[in-house]
Amino acid sequence: MSNFMSNTNQNPNKSIEVNQPPTDSVSSLNFSPKSNLLVATSWDNQVRCWEVARDGANVATMPKASIAHDHPVLCSAWKDDGTTVFSGGCDKQVKMWPLLSGGQPITVAMHDAPIKDIAWIPEMNLLATGSWDRTIRYWDTRQSNPVHTQQLPERCYAMTVKHPLMVVATADRNLIVYNLQNPQVEFKRIVSPLKYQTRCLAAFPDQQGFLVGSIEGRVGVHHLDDSQQAKNFTFKCHREGNEIYSVNSLNFHPVHHTFATAGSDGAFNFWDKDSKQRLKAMLRCSQPVPCSSFNNDGSLYAYAVCYDWSKGAENHNPATAKTNIFLHLPQESEVKGKPRIGATGRR
């Protein structure tokens with residue numbers, strides 16, 4: 001750990017700093033699907049939004065608005081039209097915030113335990129919420145009761161949706177796949193290809209499979225079709241010598257369909273699953289990267305740098321634990337896939 005802690009640079013990649021970041025660790029980052037509005041949820045019970053203005057290489061960030069929950073906020077999602085933000089967390093409720101109209105947030109979903117992940121499903125006009133109460137609940141935001149409650153085998157740790165595909169990761173390394181055209185029936189239940197606890201998921205843009213990241217510095221690439229199983233593989237990342245760090249975040253690039261991983265080693269990397277290679281490794285920041293998000297055209301990549309609590313309260317030093325949100329401007333060479341060197345015509 002020594003060389004990690006001796007790196008005191010929060011921003012070795014010279015990224016753009018977001019103004020007025022949260023006062024505690026960031027739990028989720030999400031760009032609007034329609035504009036460069038960035039939302040962050042935090043352990044300081046707040047949901048904040050910034051407007052990101054870009055003129056070539058010049059990027060400015062302006063705090064736009066914020067709302068409060070009663071307890072730490074763990075997750076966020078945007079409505080597909082970019083007008084509304086949903087946020088959920090330790091107060092066991094989801095708030096719907098009509099951000100663009102300047103309206104007040106209202107509670108639209110409730111669980112019996114903290115809510116770990118949420119997703120807006122435009123094709124169904126429903127909100128899906130996953131909780132540590134071992135359920136997924138689907139909500140029509142105009143009604144106070146869930147449209148459907150789906151029992152899970154364990155607590156929900158992560159969820160990803162690319163209609164009609166939804167994958168839910170729970171404790172005990174369960175990965176449950178749903179076809180949202182028939183959401184009340186499990187499509188498939190898979191034991192994670194990774195040996196340790198699941199931390200994050202990302203559905204392939206073509207809905208043919210998903211990525212899974214674990215606390216043990218490893219990512220699995222999994223295809224759903226049985227005939228494609230030969231294409232499945234896992235790879236190591238976010239490791240330094242014998243030190244192994246959690247993979248905290250997985251994001252597909254919206255244009256090139258390559259992907260980014262972010263980890264507790266303080267690094268984020270860009271990868272191409274089809275040619276099985278790393279496109280770019282960024283320098284490690286002095287604290288973990290717990291979450292990240294591409295904007296809608298992939299020209300901005302937001303990432304938080306802050307303590308992630310993975311080593312408990314005894315390793316948290318409030319005096320040095322600064323929270324930052326940074327914006328990286330991906331170059332095409334970092335995020336555009338390329339054939340593997342020495343590859344024949346076969347992929």
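Residues numbered from 1 in each chain as written. Predicted model: local features only at pLDDT ≥ 70, side-chain atom pairs only at ≥ 80, totals over all residues. Heavy atoms only, no water.

> Let's hear about the confidence of the model for the protein chain: which residues, and what values?
Per-residue confidence for the protein chain gives a mean pLDDT of 94; residues scoring 70 or more make up 96%. Counted against residues more than four places away or in other chains, residues 1–6, with its pLDDT under 50, gives 14 contacts. (pLDDT = per-residue confidence, 0-100. Contact = heavy atoms within 4.5 Å.)

> How would you explain the environment of S292 if you had to name every residue and give the values?
Note on placement: S292 falls in strand β28 (residues 292–294). Here N251 takes part through its side chain, which lies 2.5 Å from a polar atom of the side chain of S292. Side-chain polar atoms of S292 contact the side chain of Y301, separated by 3.1 Å. (Helix = DSSP H or I, 4+ residues; strand = E, 2+ residues; numbered from the N terminus. Polar contact = N/O pair within 3.5 Å; in protein donor to acceptor, adjacent residues only side chain to side chain.)

> Outline the packing of aromatic side chains, listing residues and values.
Taken as a whole and assessed by the stated rule, the structure comprises 14 aromatic pairs. An angle of 45° between the planes, with centres 4.3 Å apart, marks the rings of F268 and Y303 as tilted. Of the two residues, F268 is situated in strand β26 (residues 268–272) and Y303 in strand β29 (residues 301–305); the sequence distance between them amounts to 35 residues. Pair check on accessibility: F268 and Y303 agree, each one buried. One aromatic cluster in this structure is built from F204, F233, F235, F252, F259 and W271. Lying over the aromatic face of F204, K273 brings its terminal NZ or CZ to 4.3 Å of the ring centre. (Phe/Tyr/Trp six-rings, centres within 6.5 Å; stacked < 30°, edge-to-face > 60°. Buried < 20%, exposed > 50% of the residue type's maximum accessible area, 1.4 Å probe, protein only. Lys NZ or Arg CZ within 6 Å of the ring centre and 35° of its normal.)

> How would you explain the sheet that holds strand β16 (residues 174–179) if you had to name every residue and give the values?
As summarised here, the arrangement of the four strands in space is β14-β15-β16-β17, forming an open sheet in which the pairing is antiparallel. Each of the sheet's edge strands pairs with one partner strand only, and the pair in question is β14 (156–162) and β17 (186–191). Strand-to-strand, the axes of this sheet are offset by a mean angle of 15°, without reference to chain direction. Bridging between β16 and β17 involves five bridges; their strand directions are antiparallel. Along β17, the bridge assignment pairs Y178 with E186. (Pairing = 2+ DSSP bridges. Axes fitted to C-alpha atoms, helices over the stretch in contact; angles between N-to-C directions.)

> With reference to specific residues and values, describe the pairing of strand β20 (residues 218–223).
β20 sits mainly inside the fold: six of its six residues count as buried. Judged by which residues are buried, β20 turns out to be covered on both faces: R218, G220 and H222 on one side and V219, V221 and H223 on the other are all buried. Of the pairings in the sheet, the one linking strand β19 (residues 209–214) to β20 comprises five bridges and is antiparallel in character. Following the sheet pairing, G209 is matched in β20 by H223. The antiparallel pairing of β19 with β20 creates a hairpin that spans three residues between the two strands, and G217 there sits at a positive phi of about 55°. Alignment of β20 against strand β21 (residues 233–236), held across four bridges, turns out to be antiparallel. Residue pairing for β21: G220 is matched across the bridge by T234.

> Explain the environment of M166 to me, and be specific about the residues and the numbers.
Residue position: M166 is located in strand β15 (residues 165–170). Assessed through its relative accessible area of 0%, M166 is described here as buried. Spatially, the C-alpha atom of M166 lies 13 Å from that of R137, the residues being 29 residues apart in sequence. Ignoring any residue separated from it by four or fewer positions in sequence, one finds M166 in contact with A128, I136, Y138, M159, T160, V161, I176, V177, Y178 and L180.

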